[in-house]
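In case you want the letters, here they are:
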Amino acid sequence: MEYSPPPFFKRGPAPLTRLFLCFVLSVALLISDARYKYLDGIRQVVAVVLYPFERLATAPRALLGRIGEFFVTQSALQTENTRLAEQNLQNAATLQKYRALAGENQHLRELLAARERFPDSTLFAEVLYTGRDPFTRRIVVDKGSQAGVRAGQPVIDDAGVIGQVTRVYPWLAEITLITDKEHAVPVQNLRNGLRAVLGGTGSDGRLELKFIPLNADFQNGDRLVTSGIDGVYPPGLPVAEVSNVERNAAFLFARIVCRPLAGVASYGQVLIVNWENKAPQPPAEEATPARGKKPRRGG
Amino acid sequence: MQARDVAAQEILLPVKPAFIAFTLIAAFIVNLLPWSGALLAIKPDFVALVVLYWCIQQPRKVGFAAAWGFGLLMDVADGSLFGQHALAYSVLAFAGIVLHRRVLMFTMRDQILHVIPLLLANDLIVLAIRRIAGAEFPGYAYFIGSVVAGALWPVLCALLKLPQIPKPDPDHV
């Protein structure tokens, strides 16, 4: 080929050709990830490679926090100490009552041969960062499959439910918050036992009860706890408080806005609950033709 | 007009590939910083900004491979759909490479007016992909980051050009 141009004019394919190649590759990846979930293995590998970078990026904040702790004033410490002592006393009283009740309860349950309902053990994890994807509500914590975290485990803090583990890497885990648009928690009204589904809205600090008839008895200040019928969340964990009830006869359902009880949007520590659903599985599809609603995602 | 032409034609040292790689990785780590709250809302996508800068300044050295690869890394780091950033950055790299002669002709202010629409287009591609995949529109605040990135463009240009400015020779009279 003596007519080919000298090598210093060779520039490879035209930009448009390259763009087309990238476009096809990206779309193939998008479809195989969104539709078929083929790429979780690759994601795991790349995530392991990225782990040092993520730790490096989160190091400055941890360092700042430690420097801040160093400069705490004595009066602040004293105030906190007094407050904690008071709280400890109150807790001790509650705890004694609780111990007695738990003993009695266990005895009764043994008598009834009922299964244990409450979570056995929890795993302490620290929030590394909030998810950067603006389309979802997620946080990333510093415990992963190496620490025994599994996808689907519920996550709580000292005040209530935060969300559930949705993606596990070797040293990190991604938690979808209850405020995520696609997340739903089956709940029960503590005041009257009404069951409902609590869905996220995609904005922090705002949840909505879904498909509640206009005449259902929900009032401002009602506490909602998990009902446990989904098999993901153990029953009885506090989730949210009703903050606004709007009944408009023009709509089919009442619009009930709730406020999460847990610090969903705050940094800090969380507990990953090690809970296995010991409830009997529902009968197989063949036995009972599915007539109800399609199963909800994430709930 | 005259003064600007002279300034635009100052002779710079050739850029080192290691420096390009360093800036891209640094931008990636800045993206990974634990942003939260209001800062997260106005956070520009630094990787997109740096990729665009190098595609405009050095289209022979930085192109689709870097843009696509860093896009994939961003996808894994964000836990978003595999390929959404890769696609958006590829389009950004294409725009940078096609427009690089044109953009460099303009003053800094007019360059910003080129950069902001390109970054907004980058956001729109990601938004379109997520809408197709079933997500909700997250509100117009989603686009603030790109405008902030446009405002950072002159700073970025000044910073990334530093290693290329020749040192004055003290022996030269």
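Structure shown above.
As a starting point, this report considers the structure included with it. Quantities reported herein were computed from a predicted structural model and do not represent experimental measurements.

Points about the overall build of chain B
- A tally of regular secondary structure across chain B gives eight helices and zero strands.
- The helix and strand sequence of chain B, counted from the amino end, reads α-α-α-α-α-α-α-α.
- The C-alpha radius of gyration computed for chain B amounts to 17 Å, which stays within 12% of the reference 16 Å derived for 173 residues, consistent with globular compactness.
- Seen along its three principal axes, the alpha-carbon backbone of chain B occupies a region of about 65 × 35 × 30 Å.
- The buried share of chain B, reckoned over its 173 residues, is 39%.
- Sequence separation of at least 24 residues holds for 69% of the intrachain contacts in chain B that already meet a minimum separation of 6.

Structural notes on the overall build of chain A
- Along chain A, the regular secondary structure elements total three helices and 12 strands.
- Counting only residues that meet the buried cut, chain A has 28% of its 299 residues in that class.
- For chain A, restricting intrachain contacts to residue pairs at least 6 apart in sequence, the fraction spanning at least 24 positions comes to 58%.

Overview of the interface of chain B and chain A
- Taken together, the contact pairs 34 residues of chain B with 35 residues of chain A.
- Listed by contribution, the elements that provide at least two residues to the side of chain B that touches chain A are α2 (17-32), α5 (64-78), α6 (84-104) and α7 (108-133) of chain B.
- The dominant element in the side of chain B that touches chain A, judged by the number of residues it contributes, is α6(B), at eight residues.

Here's the deal with the pairing of strand β1 (residues 121-130) of chain A
Residue and element names in this part refer to chain A.
- Bridge count between β1 and strand β12 (residues 269-274): six bridges; the pairing is antiparallel. Bridge assignment links serine 121 to a residue of β12, and that residue is asparagine 274.
- With three bridges connecting them, β1 and strand β2 (residues 138-141) associate as antiparallel partners. Residue pairing for β2: tyrosine 129 is matched across the bridge by valine 140.

A closer look at the environment of A:Pro234
- Position of A:Pro234 among the secondary structure elements: in the loop between β9 (223-226) and β10 (238-246).
- C-alpha of A:Pro234 to C-alpha of A:Thr73: the two residues are 161 residues apart in sequence and 41 Å apart in space.

A word on the sheet that holds β9(A)
Residues and elements named next belong to chain A.
- Spatial ordering of the closed barrel is given by β6-β7-β8-β11-β10-β9, a layout of six strands whose pairing is antiparallel. Along the sheet, successive strands turn relative to each other by an average axial angle of 40 degrees, direction set aside.
- Alignment of strand β7 (residues 195-200) against strand β8 (residues 207-213), held across four bridges, turns out to be antiparallel. Bridging across to β8, glycine 200 finds its partner in leucine 207.

Some thoughts on the nonpolar core
- Counting residues in hydrophobic clusters, the biggest one holds 94 residues, and the most contacted among them are A:Ile162, A:Leu198, A:Val239, B:Val51, B:Leu52, B:Tyr89 and B:Leu92.
- With near-sequence residues (within four places) excluded, A:Ile162 lies in contact with A:Val155, A:Ile156, A:Asp157, A:Ile175, A:Leu177, A:Ile178, A:Ala262, A:Val264 and A:Val270.

Points about the packing of α7(B) against helix α8 (residues 144-161) of chain B
Residues and elements named next belong to chain B.
- Orientation of α7 relative to α8, taken along the N-to-C sense of each, is 150 degrees, at an axis distance of 8 Å. As α7 packs across α8, the resulting crossing turns out to be right-handed. On the side of α7, the interface is formed by Met108, Gln111, Ile112, Val115, Ile116, Leu119, Leu120 and Asp123, while α8 contributes Ser146, Val147, Ala149, Gly150, Trp153 and Pro154.
- For the contact of α7 with α8, the class distribution of residues is 10 nonpolar, three polar and one charged.

Rules of the game
- Residues numbered from 1 in each chain as written.
- Chains lettered and ligands numbered in written order.
- Predicted model: local features only at pLDDT ≥ 70, side-chain atom pairs only at ≥ 80, totals over all residues.
- Helix = DSSP H or I, 4+ residues; strand = E, 2+ residues; numbered from the N terminus.
- Rg over C-alpha atoms; globule rule 2.2 N^0.38 Å.
- Buried ≥ 20, exposed ≤ 12 C-beta atoms within 10 Å, placed from the backbone.
- Contact = placed C-beta atoms within 7 Å.
- Pairing = 2+ DSSP bridges.
- Axes fitted to C-alpha atoms, helices over the stretch in contact; angles between N-to-C directions.
- Core = buried A, V, L, I, M, F, W, Y, C linked by C-beta atoms within 7 Å.
- Left-handed = near helix turned anticlockwise from the far one by under 90°.
- Nonpolar A, V, L, I, M, F, W, Y, C, P; charged D, E, K, R; others polar.

Everything listed is a geometric property; what it means functionally is a separate question.
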